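Read off the chains here:
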Amino acid sequence: MRPAMISIAALGLLTSVVGVSQAAAPAKKDAKPESRSISGAYDLVHQSVFRPAARAFDVPRLGRKITGHPRESANVDEQDHVRLPSTWWQPRIGFREVTVEQMLKGPGSGQGPAPGPWTVTKAKSAGVSAGFQIEDSKGDGFIIKFDPPKFPEMATGADVIGSYLFWAAGYNVPENTIEWFRRQDLKIGKDATYSDSRGRKHPITDDYLNALLARVAPRPDGSYRCVASRYLDGKPIGPFLYSGRRKDDPEDMIPHELRRELRGMWTVAAWVNHADARAPNTLDMWVTDGGRSFVRHYLIDFGSILGSSALSRRRDYATGFEYYIDYGAMVRMVPTLGLYKPKWENVVDPEMPAVGFIESKNFDPEDWRPDFPNPAFDERTVRDARWGAWIVSGFTDDHIRAAVAAAHYTNASVAGYLTRVLIERRDKLVQRWLGTRGPTLITSR
Amino acid sequence: MKLVLIVSIAWSLIVPSARATQAAPAPTQTPEEASESLAPSTAPPWNPESPVPARRAWEQVVNFPGRVLSLPLIGVARLVEPVLTYGEASGLVPTTMEARPHTNSRARWAVSAPHLGGRAGFGGAVEVRQRVVQGTELGVRYAATTREYTGTFVRLTGRPLGLVYGSTWRPMEGFYGVGPATPSSGHTNYASSAQFVRLEATTEKPPDANFNARTAVAGWVETRYQVLRTGREPNVPSWELEFPELASRVLDRDVEHLVYGVSILNDSRAGEPHWGHGTRLMGSFERHDAPLPGLALHVGTPAGAQFNRYTLEGETGTSFGRNPRTLRLLARVVDQSIGSGADQMLITDLSTLGGTTGLAGFHQGRFYDTDLVHVKASYIFPVSRRLEMDVHSEWGSVYPDVWRDAKLTNLHNSYGVSLRAVFLSPFAAVGVNFSREGARVSYTFGRVE
């Protein structure tokens, strides 16, 4: 017994030491951090099982919660503003005036691929929907993504709306536009390849491309609708995590769960139902800009926000109300043998395939939850949520209408429904966290 | 030990304190000063002079016991992460919901659960499928487990026909004797080996607007070779030691059958994420006959018992609520009539209950006899977005003659609960089942009804 206890104590000591030494290790300036990848499945298991279990043993956290002394964000000033500059976030709506036109220009030119044929260079190997990569007639690179066949316009619309709204909210995002093309517009690049399920590369052939497009629902005129996501500047070095630091990035000195930009993003995510806010939907880029090289942090892949799901289907009704594995829900459901009726069972489905499922009537502005726990969201405090609500409050009805219009929905009632839902969800959030809603908010800051 | 604890606490206390010493707040740019444009800033970001610790010093100390307690969890996580990362990188764990397009000429590989039945242990299966000619596919599947169960299957399908070769080795099958009231103290084990070649034909009518059920009629002809061997399970006596008279008739004796049969299925079950309404009815007849010399796998092998097997299965369910809470009822009767060679009847051809075959609270292979009856009532309800709970109770027994001997008073009872993980449909379950003989943990991966 005694040797076992000594071993355990020593292991605890060791992990503390390792933690300390990692935290203190200096990283080289101007050296590109190592590229990394994370497993989406592991992220799900870790955030749903391992981390909640570890948090259950976290006495300091429980103590802070009970006594009402949460740890506030580490990168805010006396006015509760994010200390700037930041490679994560840039003050835009809510902190500066951003016109609708500026939002629609967004992170780039506001233009998709140049007119002319597209050269397919690679098949898309990550994400949840079919796709490939192209070069347009000017040589610019894009990732092309499609909708699930049963839900035309759903994922592509969400991807475009998300990129505008998150850009306007201050985050770094790719430039996404809705495009249409025909099969004859595609050329196969000389060295175009795709990877099979074992990671082996094969040349992309006409057969392969036809098979891929056969799984996409064409429009009545035979063309295909897609979202074109422009390549980001710089070199990708893998996703960022919502906790810890990237130790080989000298500019990453604040644990991500203590960053206001990530904690406060909860409010923006709740607004647009970004339940898929997890590490695999982020990307760090090693960029050279303004005379120096550094890591810029991006949010990517908004194809599963609003009513669209990462499972190539619409969002399920419990989205936003429960985690995939929700221990609170289990405490209610197990003793009652499932007879407890959660609030979300009352939601009304708009029955619009292009929308998927999102609504505002039962939206909970206080306790909205992503698909599985997000470490930064978990650490949010009232001040973080209010910061996010500050941003959300800056979106006028015109901003929302314009972002939805950019999704080019065929059916006007789809755009109308989404606009109304986003306005109502915005108002609920602002009412809850700022206690008011008024056009004077921006000018008062 | 005290010294180690003191040092570790002191270390936790001192080092993070030093690390936590931050410089006075650097001058903060106002939003207006930080950027003149809406574009992302290119300036070096604001940072403290030294990295911010994830925990303050006192938190490190207070959290030390919790950190020690969670070490096993950290260890499991450290093991799981590289496995899943490799799985995704190699394509073994799918990262997309839509299968990649494939051309006709390319072989498709898949890794799955072994599906070798109860008692087989942990394991896996690898399968490769290749389209041969238009509409015809050749598949090869090999499954193996930690308890040395193996199965090899080669399947050539060209609808509506299929030709299957199979070979299985099951070295540790449980056996407690024949009859409905065998004592649990008589636990033995046996091994069995089987090979078969089966030609099958299936015709199926999918549901349509007029008839909301899938109907399928199948027929098959099979030549099957079997042999029973001494059980291989350590610390459990082999069956011939406890049941010498029974074993003397069939142990190590090759038996070959020509098996042919027909089944009809009507299935109107539907619902998401699990089937919550509808009915499944299935009836089948199977004749185990003397082998035809021209078709036998091992020419000259004697025929075992020749018998008919009739199986009737019915299953129905109803659900309520938007996230379905479902009540299900299943009933199954197997009636076998043995013609010649009753003393040559292999125990693998008897009806069996226990474990995954029914009455999950009893050991796999707990009951053997000619016939059986089995009833199961389940209540499945959601407990979270991706978790369901299945509360169930089972009744059943084996009999020499189910129509003569089955009574409500002589049914065995088992009950249990399982937690089911759901993706688009349930794909894994872990549970515990109870009977008068104890509790058994069960798990399923891949196919959860």
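Per chain, residues are indexed from 1 in the order of the written sequence. Chain letters and ligand numbers both follow the written order, the letters beginning at A and the numbers at 1. Residue-level local features of this predicted model are given only where pLDDT is at least 70; pairs of side-chain atoms are given and counted only at 80 or more, and the full residue set underlies all totals for whole chains, interfaces and linings. To obtain the side-chain values, all non-hydrogen atoms of the structure were used and water was disregarded.

Draft legend 1. Looking closely at the environment of V333 of chain B. Labels follow the DSSP assignment, with helices taken as runs of H or I lasting at least four residues and strands as runs of E lasting at least two, numbered in each case from the N terminus. Here V333 of chain B lies in strand β11 (residues 325–338). Sequence-distant contacts of V333 of chain B, that is, excluding residues within four places in its chain, are made with Y310, T311, L312, L372, V373, V402 and W403 of chain B. Working rule for contacts: check all heavy atoms of both residues, and any pair within 4.5 Å makes them a contact.

Draft legend 2. Here's a closer look at the sheet that holds strand β9 (residues 282–289) of chain A. All names here are of chain A. Any two strands are treated as partners once DSSP identifies two or more bridges connecting them. Spatially, three strands are ordered β8-β9-β10 in an open sheet, and the strand pairing comes out antiparallel. The open sheet terminates on both sides in strands that have one partner only, identified here as β8 (235–236) and β10 (292–299). Both β8 and β9 contribute to a ladder of two bridges, which runs antiparallel. By the bridge assignment, K235 is partnered in β9 with W286.

Draft legend 3. Region of the structure containing the side chain of R366 of chain B. All names here are of chain B. Tracing the backbone through its elements, the reader meets R366 in the loop between β12 (351–353) and β13 (367–369). Two N or O atoms form a polar contact when they lie within 3.5 Å of each other; inside protein one atom must be a possible hydrogen donor and the other a possible acceptor, and for residues adjacent in sequence the pair counts only when both atoms belong to side chains. Looking at R366, its side chain comes within polar contact range of the main-chain oxygen of T182, at 2.5 Å. Within polar-contact distance, the side chain of R366 engages the side chain of E437 at 2.8 Å. The residues touching R366, leaving out its near neighbours within four places in the chain, are Y176, T182, P183, S184, L353, G354 and E437.

Draft legend 4. Structural detail: the domain arrangement of chain B. Residues and elements named next belong to chain B. As assigned here, chain B comprises domain 1 (123–156) and domain 2 (159–445). Look at where the C-alpha atoms of domain 1 and domain 2 centre, and you get two points 22 Å apart. Domain 1 puts eleven residues into the contact, and the matching count from domain 2 is 18 residues. Two parts placed together each lose some accessible area under a 1.4 Å probe, and the buried area is that loss summed for both. Around 1,100 Å² of area is buried between domain 1 and domain 2 when both sides are counted, 46% of it from carbon and sulfur atoms. Considering only the surface of domain 1 that becomes buried against domain 2, R147, Y149 and R155 emerge as the three largest contributors, covering 44% of it. One speaks of a salt bridge when a side-chain nitrogen belonging to Lys or Arg is within 4 Å of a carboxyl oxygen belonging to Asp or Glu. Our enumeration of links across domain 1 and domain 2 arrives at two salt bridges. As a salt-bridge pair, R147 and E233 come within 3.6 Å of each other at their nearest N and O atoms. Where domain 1 packs against domain 2, one counts seven residue pairs in polar contact (both at pLDDT 80 or more). Three residue categories are used. Nonpolar comprises Ala, Val, Leu, Ile, Met, Phe, Trp, Tyr, Cys and Pro, charged comprises Asp, Glu, Lys and Arg, and polar comprises the others, including Gly. Residue composition of the side of domain 1 that touches domain 2, grouped by class: four nonpolar, four polar and three charged. Domain limits in this description derive from either an automatic procedure or a database domain assignment.

Draft legend 5. Fine view of the side chain of D371 of chain B. All names here are of chain B. Within the fold, D371 resides in strand β14 (residues 371–384). Only protein chains enter the accessibility calculation, which uses a 1.4 Å probe; a residue is then buried when its area is under 20% of its type maximum, exposed when over 50%, and partly exposed in between. Only four residue types enter the charge count: Lys and Arg as positive, Asp and Glu as negative, with His and the chain ends excluded. The buried charged residue D371 lacks any salt bridge, with R404 as its nearest oppositely charged partner at 8.1 Å. In this structure the side chain of D371 is engaged in a polar contact, spanning 2.7 Å, whose partner is the backbone nitrogen of Q336. For D371, the side chain forms a polar contact with the main-chain nitrogen of V402, separated by 2.9 Å. With sequence-adjacent residues up to four places away left out, D371 is seen in contact with V334, D335, Q336, S351, S397, V398, Y399, P400, D401 and V402.

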